[in-house]
Amino acid sequence: MFLRRYLSTPSVLRENLIKELQLRGLIAQISKPEKWLVEKLQSRDNGNNNKVKLYCGVDPTAKSLHLGNLVPLMVLLNFYVRGHSVVTLVGGATGRVGDPSGRITERSEMATDIRANNIEAISEQLVRFFKNGKKYYERKNKHNTVEFGEHILKDNYSWWKEVKMLDFLAQYGRHIRVQAMLSRDSVTSRLANQGSLGFNEFTYQILQAYDFFHLYKEHNVSIQVGGNDQWGNITAGLDLIGRLEPKSKELPAFAVTTPLLSTANGEKFGKSAGNAVFIDPEINTPFEIFQFFYNTEDADIARFLQIFTLLPRGKIQSIVADHLRSPHLRKGQNILAKEVTELLHGVDASNEAEEVSNVLFGKLKRHEKLDASRLIELCSKARILQHANKSENLIDLLARLTNDSKSAAKRKISQGSIYLHSDQIKVSESLTNWDPYLIDNKVLLMKIGKQKTFVIEMK
Ligand SMILES: Nc1ncnc2c1ncn2[C@@H]1O[C@H](COP(=O)(O)OP(=O)(O)OP(=O)(O)O)[C@@H](O)[C@H]1O
Ligand SMILES: N[C@@H](Cc1ccc(O)cc1)C(=O)O
């Protein structure tokens, strides 16, 4: 019986989860005693029912989660598809105070109605992320029975609204040590850089510490996951749990942090740095998510596949090996882009994004039949459809699309770098009638230079 169950378990479940996450590059730090956690998860992986509960929080400082936030959420997803329950927390209370971690300047105050909208939008995204993640994993593991955990959504305002300041100080104040608070990176780095730090931001760590304590005490949530900038806040929670909860001897609590995803010049990818790619399709379309990953450097393909997908590591190795045999075909980037778009927005959105990308980046076969209505539909969804009037001449259209001068447009034409219908027809300045080049008499594909193709609806 046990053997049968073991054999029908996806191979990925049989590896120790912590080791698996480390190999996937998803772990920066784990608090001690790491061995306890590894052994507990090992016994679950061996078929025992040893589940853990873990949580990750996000403050409602924007209307949407972004790709950086997905890194710790992918840790939760890896646990969830192995039957562990995960809690995601929206910081309705903490969002009012402002986390100083990883920031050199103070946060400005946010209007109450904007915060309320953000809480609602982020809560929906968190629910959708685990719903889509479940479907995604089921599609990839059709032949195995998978046991998912539970996803629970919380807003920390639901307990903070009951807490009275005097009671809190009397009951917990002595257990929160100022020396430890002063030594947290978020505080020392701000003060060292002569940045100002209000009492609100200084006390933020207490709020997050108490959240962990509350979830541990009331719901046995014993692991908190966050990006590595959250280490101080999470370990503040461990201190409080260790001081106040007798059961922490048998059920130790843990901090698990992920590396921070950064840009090529080392900046944390996120809202504060202003370089975030959001998962809300109203802000960044599925096509833009696809495009973001399609532009991954060769050296990052394996890393991103390990972090942002649930593909087994063996499969990732073979994808990368295949990619490196002919990197110019961008097969690795294409698989990465498809997988992440599918995980976030579903199979249809992912296929559509790939279709648009094939049109834009010249992967059309010479005689491939294109349907103008479908092009219009897909490209307007991707928000890249251009419009022109058939009476507009080539030079004006070109100058408008490239946001450049007419003389620059003329130069491009004389250099022979403008093609119609992707790269099939080189354009000369004498072109006056668009009709012979239109798809179904409606759509023009114009490629400018080596890279970019414009899809233009002609009226
Ligand atoms: N670039 C990133 N890489 C990995 N984790 C990240 C990244 N950005 C945010 N996170 C993590 O996502 C979680 C939620 O972060 P948060 O809502 O503060 O986002 P943020 O972009 O860091 O926001 P802000 O810039 O306003 O601080 C935290 O655990 C944080 O460490
Ligand atoms: N401090 C976290 C969000 C958070 C809030 C409350 C928590 O209990 C946990 C995490 C961040 O800014 O990224």
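Since the model is a prediction, treat every value here as computed from it, not as a measurement.

Moving on, we get to the site of ligand 2. In the vicinity of ligand 2 lie 13 residues, with Tyr-55, Asp-99, Tyr-204, Gln-208 and Asp-211 positioned nearest. At 2.7 Å, a side-chain N or O of Gln-208 approaches a nitrogen atom of ligand 2. In this structure, an oxygen atom belonging to ligand 2 sits 2.6 Å away from a side-chain N or O atom of Asp-211. Protein contacts shield 88% of the accessible area of ligand 2, which totals 340 Å² for the unbound molecule. The pocket occupied by ligand 2, as judged from atoms lying within 2 Å of grid points, is the largest pocket. Mapped by element, the contributors of at least two residues to the shell around ligand 2 are strand S2 (53-58) and helix H11 (199-219). Partitioning the shell around ligand 2 into residue classes produces four nonpolar, six polar and three charged.

Moving on, we come to empty space enclosed by the protein. Tallied over the full model, the rule gives two cavities of 30 Å³ or more. Put simply, the largest cavity is a space of about 130 Å³. Elements with a minimum of two residues in the lining of the largest cavity: helix H9 (178-183), H11 and helix H12 (231-244). The biggest single contributor to the lining of the largest cavity is H12, with four residues. Here the lining of the largest cavity is composed, by residue class, of seven nonpolar, two polar and four charged.

In this section: the domain arrangement of the protein. By the assigned domains, the protein splits into domain 1 (17-258), domain 2 (271-362) and domain 3 (382-458). Between the C-alpha centres of domain 2 and domain 3 the distance comes to 28 Å. For the pair domain 2 and domain 3, the two sides together bury roughly 760 Å², of which 60% comes from carbon and sulfur. Taken together, domain 2 and domain 3 are joined by zero salt bridges.

This paragraph deals with unusual backbone geometry. For residues besides glycine, phi is generally negative; the peptide bonds are generally trans as well. Residue Pro-33 is bonded to the preceding Lys-32 through a cis peptide linkage, with omega at -5°. Structurally, Pro-33 can be placed in the loop between strand S1 (29-30) and helix H4 (34-45). For Asn-220, which is not glycine, the phi dihedral falls at a positive 55°. Tracing the chain through its elements places Asn-220 in the loop between H11 and strand S5 (223-227). With a phi close to 60°, Arg-383 is a non-glycine residue in the positive phi region. Within the fold, Arg-383 resides in the loop between helix H18 (372-381) and strand S7 (385-388). Exposure remark for Arg-383: the relative accessible area of 46% places this residue in the partly exposed category.

Moving on to the site of ligand 1. Every one of the 22 residues lining ligand 1 counts as a neighbour, but His-66, Asp-229, Lys-268, Phe-269 and Ser-272 are closest to it. Between a nitrogen atom of ligand 1 and a main-chain N or O atom of Gly-68, the distance comes to 3.1 Å. Burial of ligand 1 by the protein chains amounts to 95% of its free accessible area of 590 Å². Those elements that place two or more of their residues in the shell around ligand 1 are S2, helix H5 (67-80) and S5.

Before going further, it helps to spend a moment on the sheet that holds S2. Ordered by their spatial adjacency, six strands build an open sheet running S1-S6-S5-S2-S3-S4, and the pairing between neighbours is mixed. Both outer strands of the open sheet, S1 and strand S4 (151-155), are each paired with one neighbouring strand and no more. Taken together, the five bridges between S5 and strand S6 (residues 254-258) define a ladder with parallel strand orientation. Within S6, the residue paired with Gly-227 across the bridge is Thr-258. Contacting S2, strand S3 (85-90), S4, S5 and S6, H5 runs over the sheet at an angle of about 160° to S2.

Turning our eyes to something else, we now look at the environment of Lys-35. Structurally, Lys-35 is set in helix H4. Its relative accessible area of 62% is what places Lys-35 among the exposed residues. The spacing of Lys-35 and Gln-205 is 170 residues in sequence and 27 Å in space, taken between C-alpha atoms.

The side chains of a regular strand alternate, residue by residue, between the two faces of the sheet. Extensive coverage of strand S11 (residues 452-458) is indicated by the burial of six of its seven residues. By the bridge criterion, four bridges tie S7 to S11 in an arrangement that is parallel. Within the sheet, the bridge partner assigned to Gln-386 lies in S11 and is Ile-456. Pairing geometry for strand S10 (residues 443-448) and S11, over six bridges, is antiparallel. Bridge pairing links Lys-447 to Thr-453 in S11.

A volume near 780 Å³ is recorded for the largest pocket. Taken together, 39 residues make up the lining of the largest pocket; nearest its centre are Asn-69, Asp-229, Gln-230, Lys-268 and Lys-271. In terms of residue class, the lining of the largest pocket is made up of 13 nonpolar, 17 polar and nine charged. Estimates place the volume of the second largest pocket at around 540 Å³. Considering the residues around the second largest pocket, the lining is formed by 20 residues, among which Trp-160, Met-165, Phe-168, Thr-203 and Leu-207 are closest to the centre. The leading source of residues in the lining of the second largest pocket is H11, at five residues. By residue class, the composition of the lining of the second largest pocket is 15 nonpolar, two polar and three charged.

What counts and what doesn't
Residues numbered from 1 in each chain as written. Chains lettered and ligands numbered in written order. Predicted model: local features only at pLDDT ≥ 70, side-chain atom pairs only at ≥ 80, totals over all residues. Heavy atoms only, no water. Near = heavy atom within 4 Å. Polar contact = N/O pair within 3.5 Å; in protein donor to acceptor, adjacent residues only side chain to side chain. Areas by Shrake-Rupley, 256 points an atom, 1.4 Å probe, with all protein chains shown as cover. 1 Å grid on protein atoms, 1.4 Å probe; cavity = no way out; pocket = protein on both sides within 12 Å on 5 of 7 lines; lining within 4 Å. Sits in = over half its atoms within 2 Å of the grid points. Helix = DSSP H or I, 4+ residues; strand = E, 2+ residues; numbered from the N terminus. Nonpolar A, V, L, I, M, F, W, Y, C, P; charged D, E, K, R; others polar. Points joined across faces, edges and corners; volume = space filled by probe spheres on them. Domains from an automatic or database assignment. Buried area = accessible area lost by both parts, 1.4 Å probe. Salt bridge = Lys/Arg side-chain N within 4 Å of Asp/Glu carboxyl O. Buried < 20%, exposed > 50% of the residue type's maximum accessible area, 1.4 Å probe, protein only. Pairing = 2+ DSSP bridges. Contact = heavy atoms within 4.5 Å. Axes fitted to C-alpha atoms, helices over the stretch in contact; angles between N-to-C directions.

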